[in-house]
Amino acid sequence: MKFRYKVLFTNLILLSLGLGLVGYLMIHKNFELAKQTQLKNAIVQNNLVQSSVEYELLQLLNSVSDNSETSNNNTDNNNAEKSSISASSIVAQLPQIGSRVSSSVRSRDSFFYIYFDGEKVYTDDKSDARISDTLFKNLTTGNKNYMIKEESQKHYIYVTSQSVIDEKNLWIVSKCDASEAYTLLDEQINYFRLIIIVILIAESAAMYFISRYMTKPLEKLNHVSEEIAQGDYATRVNVKSHDEIGLLAQKFNIMAQAVSDHVDELNDMVHRREQFVADFTHEIKTPMTSIIGYADTMRSLELPREEQMMALGYIFSEGKRLESMSQKLFELIYLRRHDIEKARVHMADLCAEVVKVVEPAYENRHLTIETEIEDTVLTVNRELLVTALVNMMDNARKASEEGQQVEVTGKFVDNRDCNISKDKTDIGEAESADDRKCMRAYEICIIDHGIGMTKEQAERICDEFYMADKSRARKEGGAGIGMSLVAIILEHHNAVLSVESEPGCGTTMRILLPW
């Protein structure tokens, strides 16, 4: 079930319960008020009937008493005679009294019963309903009992009152129609049902559109997540609200961007691996083809001594290139998986060692090395940094023509003056006094005046097996791994390599080492 429908049905249930409870309380209150009004009217009717009957009885007693008087002035005899007359005439006169009272005080839909000494003596109710004994229990003079009873699909209120005549009970039971209160109750219930239905229909329509509007951003999130799941990592959610859903959309876009970046990194890694395998295969295939070809020629043909030595020379040089490539590959893989140890090293001694290593190769090409090294002590891995500088010096040698000069300099520079942003140098993060040392770096420059490179070639110089001039590099015994090794070594030293080159004008390689 969609979230909007859950919101809709939840609101409908809560609204129905709320309206139902309020309606029940209001209708019940109105019904009780109407019933109390009917009860008061019934009590008034019972009082009126009781008063009328008692008045008629009083008139009867007075009349009988006057007619029965004699010349005898004995008070005791008169009282006995009066009591005897009252008791004997009451039962006979009550039906007539009830008839007169009924004609004078009875209203529509109201009736009354007269009971004397427990016997019913009169009623004007044609239905002559049976009166429950409950109405007469615990009844005393001055108090009233009442009950509501349903008869013939109508509701009646029975009210009972008591009078005492000649030590005998006279009960007056009035019966009033109370159906109006119950009819009103039914009408209110039906009307309330109609109102509930109308309100729920209107509320359902309103809540549907409101919930649809409120959950629309969630649908967008769902749609975008499906597109991302299908591989479209550039899709983003366009939600501009400032509530929790808007915040969720922002976090979702951040997450999607992070996923996209990681996927790009993985794709780039896969591409680089595939390219590495392809380049490695190609680089191995080339010398192996030469080795196999020359070896097969020497095995199949009787070559002169001079040609044999030339073939062996090719085999030897290609074998040495394979050995160099395998050694550099091993170092490359090792450095990617392991940390390095560092120690304090004098940079003048380190640079002198590099020059001493490459000097024989430079002399063979009639190249000169000009050095200007400012000595300082840095915390580095001496062997690895020598390897990096030797590779860079070797590249400068391969790019130079005979008789040219290669310059090597080492000096302190201010990080702000070296045309490399602080983000790239990883040297310090502030210019406070405490971090002032971090704003300085030791710069090693290797400058040649050889063939140079284009900007695109300079950007790819650290890629594995990349060679700006493949024929020249292979002629010089290169394999395209040296600068990749340099980049990893410098990364372990938190150093930065920058390359400035122009075709035909030479190349400047600059290393910034943190101080």
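Reading guide: rules and limits
- Residues numbered from 1 in each chain as written.
- Predicted model: local features only at pLDDT ≥ 70, side-chain atom pairs only at ≥ 80, totals over all residues.
- Heavy atoms only, no water.
- Helix = DSSP H or I, 4+ residues; strand = E, 2+ residues; numbered from the N terminus.
- Polar contact = N/O pair within 3.5 Å; in protein donor to acceptor, adjacent residues only side chain to side chain.
- Contact = heavy atoms within 4.5 Å.
- Salt bridge = Lys/Arg side-chain N within 4 Å of Asp/Glu carboxyl O.
- Buried < 20%, exposed > 50% of the residue type's maximum accessible area, 1.4 Å probe, protein only.
- Expected span 1.5 Å × (residues − 1).
- Patch = residues over 30% accessible without salt bridge, like charges linked within 9 Å, V, L, I, M, F, W, Y side chains within 5 Å.
- Areas by Shrake-Rupley, 256 points an atom, 1.4 Å probe, with all protein chains shown as cover.
- Lys, Arg positive; Asp, Glu negative; His and termini not counted.
- Charge placed at Lys NZ, Arg CZ, Asp CG, Glu CD.
- Pairing = 2+ DSSP bridges.
- Axes fitted to C-alpha atoms, helices over the stretch in contact; angles between N-to-C directions.
- Left-handed = near helix turned anticlockwise from the far one by under 90°.

Let us look at the side chain of Gln50. Along the chain, Gln50 turns up in helix α1 (residues 3–67). A polar side-chain atom of Gln50 sits 3.0 Å from a polar atom in the side chain of Ser163. Once you skip the residues sitting within four places of it in the chain, Gln50 turns out to touch Lys144, Ser161, Gln162, Ser163 and Ile172.

Considering all chains together, one arrives at 11 salt bridges under this definition. The partner of Asp296 in a salt bridge is Arg299, and the shortest N-O contact between them spans 2.8 Å. Separated by three residues within a single helix, Asp296 and Arg299 lie in helix α4 (residues 244–300), roughly one turn from each other. Note on Asp296: relative accessible area 35%, which makes it partly exposed. Taking the relative accessible area as the measure of exposure, Arg299 reaches 69% and is therefore exposed. One continuous salt-bridge network, built from bridges that share partners, spans Asp125, Lys149, Glu151 and Lys175.

Next up on the list: helix α7 (residues 382–399). Here α7 is 18 residues long and its end C-alpha atoms lie 26 Å apart, about the 26 Å a rise of 1.5 Å per residue gives. In terms of burial, α7 is largely enclosed, as 13 of its 18 residues are buried. For α7, the N-terminal cap is Asn381; the gap from its side-chain oxygen to the backbone nitrogen of Glu383 is 3.4 Å.

Another aspect to go through is a nonpolar patch on the surface. Residues Tyr191, Leu194, Ile195, Val198 and Ile199 make up a contiguous nonpolar surface patch of about 460 Å² in total accessible area. Checked against the element boundaries, Ile195 lands in helix α3 (residues 179–229).

Here we come to the side chain of Asp177. By the secondary structure assignment, Asp177 is in strand β5 (residues 168–177). Although Asp177 is buried, it makes no salt bridge; Lys154 carries the closest opposite charge, 4.2 Å away. For Asp177, the side chain forms a polar contact with the side chain of Ser179, separated by 2.7 Å. Among all residues touching Asp177, those that are not within four sequence positions of it are Gln38, Asp109, Lys154, His155 and Tyr156.

Among the surface-exposed residues, Asp261, Asp264, Glu265 and Asp268 lie close enough to one another that they form a single negatively charged patch. Tracing the backbone through its elements, the reader meets Asp261 in helix α4. For Asp261, a relative accessible area of 36% translates into the label partly exposed.

Attention now moves to the pairing of strand β10 (residues 440–448). Counted residue by residue, β10 has eight buried out of nine residues, so it is predominantly covered. Looking at chain direction, strand β9 (residues 405–414) and β10 are connected through eight bridges and run antiparallel. Within the sheet, the bridge partner assigned to Gly410 lies in β10 and is Ile444. Two elements, β10 and strand β12 (residues 506–514), share eight bridges in a ladder whose sense is antiparallel. In the sheet register, Tyr442 faces β12, and the bridge partner there is Leu513.

On to the pairing of β12. Most of β12 sits out of view: eight of its nine residues are buried. One ladder, built from seven bridges, connects strand β11 (residues 496–502) with β12; its direction is antiparallel. Residue pairing in the sheet places Ser501 in a bridge with Thr507 of β12.

With that settled, consider a positive patch on the surface. On the surface, a cluster of positive charge is contributed by Lys2, Arg212, Lys216 and Lys220. Mapped onto the elements, Lys220 comes out in helix α3.

As summarised here, the arrangement of the five strands in space is β2-β1-β5-β4-β3, forming an open sheet in which the pairing is antiparallel. The strands lining the two open edges of the sheet, one partner per strand, are β2 (119–123) and β3 (144–151). Direction aside, neighbouring strands of the sheet carry axes that sit 25° apart on average. Looking at chain direction, strand β1 (residues 110–116) and β5 are connected through seven bridges and run antiparallel. Residue pairing across strands places Ser110 opposite Cys176, the latter belonging to β5.

A few words now on helix α11 (residues 482–492). Burial runs high along α11: eight of the 11 residues are buried. Within α11, burial applies to Gly482, Met483, Ser484, Leu485, Val486, Ile488, Ile489 and Leu490. A positive backbone phi angle near 55° is found at Asn494, which sits one or two residues after α11.

Running from amino to carboxyl end, α7 crosses α11 at an angle of 145°, the nearest separation of the two axes being 9 Å. The chirality of how α7 crosses α11 is left-handed. Here α7 contributes Leu384, Leu385, Thr387, Ala388, Asn391, Met392 and Asn395 to the contact with α11, which in turn contributes Gly482, Met483, Leu485, Val486, Ile489 and Leu490.

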